[in-house]
Amino acid sequence: MAPSMYPNYPPDLDAEQQKYLLRNVEDWSIAHGLAVRPAATWVSEQQDPAGALATTAPVTMFPSLFPKGCFDQAKSVAKSYNELYSAIASNESWLKEIVEELVEIDEFMAELWKVHLAVKKEGYVQPLNLGLFRSDYMVHVDASDSKPETTVKQVEFNTIASSFGGLSSQVSAMHRHLLSIDAYPESTSSLIKSTTLPQSTSVPELARGMAVAHEAYGKSSTGLSTCVIFLVQDPERNVFDQRHLEYALNSTHGVKTFRLTFARVLADTEVDASRKLIYSPPHSPTKKFEVSLVYFRAGYAPSEYRGKQDWDARLHIERSAAIKCPSILTHLAGTKKVQQVLATPHSPHLKHFVPDETRAAEVLKTFAPIYPLDTSEAGQEARKLATNPDTAARYVLKPQREGGGNNVYRNAIPDFLKTLPESHWPAYILMEMIEPPAQSNVIFRNGEMQQGGVICELGIYGACLWRSGETDGEREVLQNFEAGYLLRTKGSGSEEGGVAAGFGSVDSACLVDL
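As the structure is a prediction and not an experimental result, all values here were calculated from the model.

Asker: Quick question: what am I supposed to make of the packing of aromatic side chains here?
Answerer: Two descriptors summarise a pair of aromatic rings, namely the distance from one centre to the other and the angle between the planes of the rings. Applying the stated rule across the entire model yields 18 aromatic pairs. Where F71 meets Y485, the ring centres are 5.1 Å apart and the plane angle is 85°; that geometry is what we call edge-to-face. Of this pair, F71 sits in helix 2 (residues 68-76) while Y485 sits in strand 19 (residues 475-491), placing them 414 residues apart in sequence. The exposure classification of F71 matches that of Y485, with both residues buried. Above the ring of F481, the side-chain terminus of R208 is found at 3.6 Å from the ring centroid.

Asker: Would you mind going over the nonpolar core with me for this structure?
Answerer: Side chains of nonpolar character tend, in soluble globular proteins, to be buried together. Counting 139 residues, the largest nonpolar core has Y85 and I88 as its most contacted members. Top element by residues in this core is strand 18 (residues 448-468). It accounts for 9 residues. Discounting chain neighbours no more than four positions away, the residues touching I88 are W94, L95, A333, V338, L342 and F353.

Asker: What is the right way to look at the side chain of N129 in this model?
Answerer: Its place among the elements puts N129 in strand 5 (residues 128-141). From its side chain, N129 meets the backbone oxygen of P127 in a polar contact 2.9 Å long. Looking at N129, its side chain comes within polar contact range of the side chain of S468, at 3.0 Å. Not counting residues within four places of it along the chain, the set of residues in contact with N129 comprises I323, K324, S327, C464, L465, W466 and S468.

Asker: What exactly am I supposed to notice about helix 3 (residues 78-89) here?
Answerer: In an α-helix there are 3.6 residues to a turn, and that puts residues three or four apart on one side. End to end, helix 3 covers 17 Å across 12 residues, agreeing with the expected 16 Å (1.5 Å per residue, within 8%). In terms of burial, helix 3 is a largely internal element, 10 of the 12 residues being buried. When we look at burial in helix 3, the residues that qualify are A78, S80, Y81, N82, L84, Y85, S86, A87, I88 and A89.

Asker: Even after reading the chapter, I still don't get unusual backbone geometry, so can you show me in this structure?
Answerer: Both trends apply: most residues other than glycine have a negative phi, and most peptide bonds are in trans. That bond from D234 to P235 is cis: its omega, 5°, falls within 30 degrees of zero. Relative to the helices and strands, P235 resides in the loop between strand 7 (225-232) and helix 8 (239-253). That bond from C325 to P326 is cis: its omega, 10°, falls within 30 degrees of zero. A positive phi angle, close to 55°, is found at A161, a residue other than glycine. With respect to the helices and strands, A161 occurs in the loop between strand 6 (150-158) and helix 6 (165-180). On the accessibility criterion, A161 (16% relative accessible area) is buried.

Asker: Is there a simple way to explain the pairing of strand 11 (residues 289-296) in this structure?
Answerer: Successive residues of a regular strand alternate their side chains across the two faces of the sheet. Across the 8 residues of strand 11, 8 count as buried, placing the element largely inside the fold. One ladder, built from 7 bridges, connects strand 7 with strand 11; its direction is parallel. The partner of C227 across the bridge, within strand 11, is V291. Summarising the sheet, strand 10 (residues 277-279) and strand 11 pair through 2 bridges and their orientation is antiparallel. When the sheet's bridge partners are listed, I278 is paired in strand 11 with E290. With 3 bridges connecting them, strand 11 and strand 12 (residues 323-325) associate as parallel partners. Paired with L293 across the two strands is I323, which belongs to strand 12. This β-α-β element, strand 11 to helix 10 (residues 308-318) to strand 12, shows right-handed connectivity.

Asker: Looking at this structure, how should I read the pattern of salt bridges?
Answerer: Pairs can form between side chains of opposite charge whenever their charged atoms are close. Following the criterion strictly, the structure yields 27 salt bridges and no others. Between K68 and D72 there is a salt bridge; the shortest N-O distance is 2.8 Å. Of this pair, K68 and D72 both sit in helix 2, 4 residues apart, which is roughly one turn of that helix. Judged by relative accessible area, K68 falls into the partly exposed class, the value being 36%. Its salt-bridge partner being E111, residue K114 comes within 3.3 Å of it at the nearest N-O pair. Pair noted here: K114 and E111 are both in helix 5 (residues 107-122), with a separation of 3 residues, about one helical turn. Classification of E111 as buried rests on a relative accessible area of 19%.

Asker: Which parts of the structure should I look at to understand the side chain of S292?
Answerer: By the element assignment, S292 lies in strand 11. At 2.7 Å, the side chain of S292 forms a polar contact with the side chain of H214. Not counting the four nearest positions on each side in its chain, S292 is found in contact with H214, Y217, C227, V228, A322 and I323.

Asker: Which parts of the structure should I look at to understand the packing of helix 6 against helix 7 (residues 202-217)?
Answerer: Between two packed helices, both the angle of their axes relative to each other and the distance between the axes serve to describe the pair. Contact geometry for helix 6 and helix 7: axes closest at 7 Å, N-to-C directions at 150°. Accordingly, the angle class assigned to the pair helix 6 and helix 7 is roughly antiparallel. Note on element contacts: helix 7 touches helix 6 through S202, V203, P204 and L206, opposite G165, G166, S168 and S169. Counted by class, the contact of helix 6 with helix 7 contains 3 nonpolar, 5 polar and no charged residues.

Rules used in this analysis
Residue indices begin from 1 for each chain and proceed along its sequence in written order. pLDDT decides what is reported in this predicted model: residues at 70 or higher carry local features, side-chain atom pairs at 80 or more are listed and counted, and totals for whole chains, interfaces and linings draw on all residues regardless. Water and hydrogen atoms play no part in the side-chain values, which are based on all heavy atoms of the structure. Geometry of aromatic contacts follows a simple scheme: Phe, Tyr and Trp rings, the Trp one being its six-membered ring, pair when their centres are within 6.5 Å, and the pair is stacked under 30 degrees between planes, edge-to-face over 60, tilted otherwise. Segments assigned H or I by DSSP are reported as helices when at least four residues long, segments assigned E as strands when at least two residues long, and all are numbered from the N terminus. We call a residue buried when its accessible area falls under 20% of the maximum for its residue type, exposed when it is over 50%, and partly exposed in between, using a 1.4 Å probe and counting protein chains only. Should the NZ of a Lys or the CZ of an Arg lie within 6 Å of a ring centre and within 35 degrees of the ring normal, that charge is described as sitting over the ring. Working definition of a nonpolar core: buried Ala, Val, Leu, Ile, Met, Phe, Trp, Tyr and Cys residues. They are joined through side-chain atoms within 4.5 Å. Residue contacts are counted whenever heavy atoms from the two residues lie within 4.5 Å of one another. We call two N or O atoms a polar contact when they sit within 3.5 Å, provided that within protein one can donate a hydrogen and the other can accept it, with sequence-adjacent residues counted only if both atoms are side-chain atoms. To estimate how far a helix should reach, multiply one less than its number of residues by 1.5 Å. Each pair of strands is called paired provided DSSP finds at least two bridges between the two strands. Here the term right-handed applies to a crossover when the path leading from its first strand over the helix to its second strand runs clockwise, the strands being oriented away from the viewer. When a carboxyl oxygen of Asp or Glu is within 4 Å of a side-chain nitrogen of Lys or Arg, the pair counts as a salt bridge. Geometry is summarised by axes, namely lines fitted to C-alpha atoms with helices restricted to the contacting stretch, and by angles between N-to-C directions that run from 0 to 180 degrees. Working rule for angles: under 35 degrees goes down as roughly parallel, over 145 as roughly antiparallel, 65 to 115 as roughly perpendicular, anything else as oblique. Gly is put with the polar residues, along with every residue not named as nonpolar or charged; the nonpolar set is Ala, Val, Leu, Ile, Met, Phe, Trp, Tyr, Cys and Pro, and the charged set is Asp, Glu, Lys and Arg.

Here you go:
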C-alpha cells in the first residue's frame, strides 16, 4: 500500500455522536432494504430455522474518500469496455484459441465450452445478447515516482452475476441521508457534502438494461405472457440486492419477473418445439409464461454444478430462444485468461477489438500488467517472478473463477505453486499488485463496528445489448450505456474484497481533488 494522500479522515466521534450515527445506520438500512440474510456463523440455523431474519448489509459508516479524477476516468471508459467485451463474446474463433488452452487443465472451462459446442451443433436460435457488466478498479500510486499521480487500474471484468447493483444505490442514498440529518460532525463539512457524494444509479440503469432486452425480444409467439427469470442460488443471502432490481423492473417498466433456483430449472421450465423457454410457476402450476430473458445470478461457480443434471440445466437454457444475461460465450469472455491476453504488455489484441486509437488508449491506461503462466516467453518470465519469494511479493495469482476467496497473494504464491503440477499452472494468471494510497474508515458488520485501515475497490456497471451477425465476429450494438457504480471496501489486512464471500463491505464515494 502506498503512503496516504488523503486528508485526515474519518473523524473521531464522542459517545453520543457514535450512538446517533449507529442507530440511524441500523434503522435506515433495514427500512430501505440495505440488508442481507445473516450468515450461519452469526445466526445459527437453530436460531432462524425458517431463514426469515435479515440484518444490515456490511456497510461503511462514512463514505470513503476517492479521487474525483480516478472516478471520472473509470466512468469514461465504461462504454468502451462494453463494446470490447461484446466484440470478444461475438468472436467465437478468437475465444476458441483462448479456451482451448484451458480445457485440458480446467474442468469447469471445459464443461462451459461443451455447452457452447452442443448448442452450436444444433444451431443457436437467439442472436440477441445482454451484458450487465461490472469493471472493477483500484486507485494506483506508483511509489517510485517522485511526484506520484493517482490513476485507476482494473482488478477484473465481470460478465456474469455482477452483484451489488441493488445495494450500491441504497448505500449511497444512506450516506446522503446521514449527511442531511447532521449525523456527520461539522469537522467533515469541507469533505462530505451533497456535491461530493455521487448517487449511484445502478438500480434504475441495470433494470433499464433488462427492460430494453425484454422489449427487444418482442411479443410472444406462443400466445403466453412473457416474463424475465432471475436465476438464483438456494439459499441466497444476498436476496435483497436482487430484489431491488426485480422491483424496479416491475414497477418502472411493467415487466413480470420470477425467481427460479438453478436446481429447479429442469423441473419448472420446458423448451418447446420452436425452442421457446416456457416457465411454469410452482405456486401457480396452471399458468405458463414465455421467458424473454434469463438473468444469471447463479451458475457462475464450479460448486454449483454438482453433476450431469446441473450441466443439463445450463444447456437447457442456452439452447432456448430466451435472451441470456450472459450467454455462454459472454460468460467465457469474462475469464481471467481473456483479461491477461488483453493486458499482457505489447499485446496486439486490444486494438483488434477497439480499432479507435483514442478509445483503445484510454482503456489501455486502466490495465495493470498481467502475465500468463504458460510456456511462452512471457509465461517463462512470469514463472520466474512467481516462484521467487522476493519478486512474488509484488503479485497476485488468479484462477479462472468469479466471486471472492479464489486468489493467492504475494508471499503465498511460491508455496502454492509447489502444490500444483506445472501442467496446471497455465490455468492461472499473474497480475501485478495495485498499490492504493492508505486510508481509514469504519465498517459495520454483524452488529459490530471496526475502525482502521481500508482498501476501496470501485466497480462501474455497464449495460450492453447486441445482436450477433451471421458471420463470426460480426455484431450490431443496439444499446450501450454506463449503469451506475459500486464501491466495496475491506480492511487493509484482508486481501479479498467480495462482500458476499464475507470479506468486504458496501460503500459509496466521497469525491476529493488530489
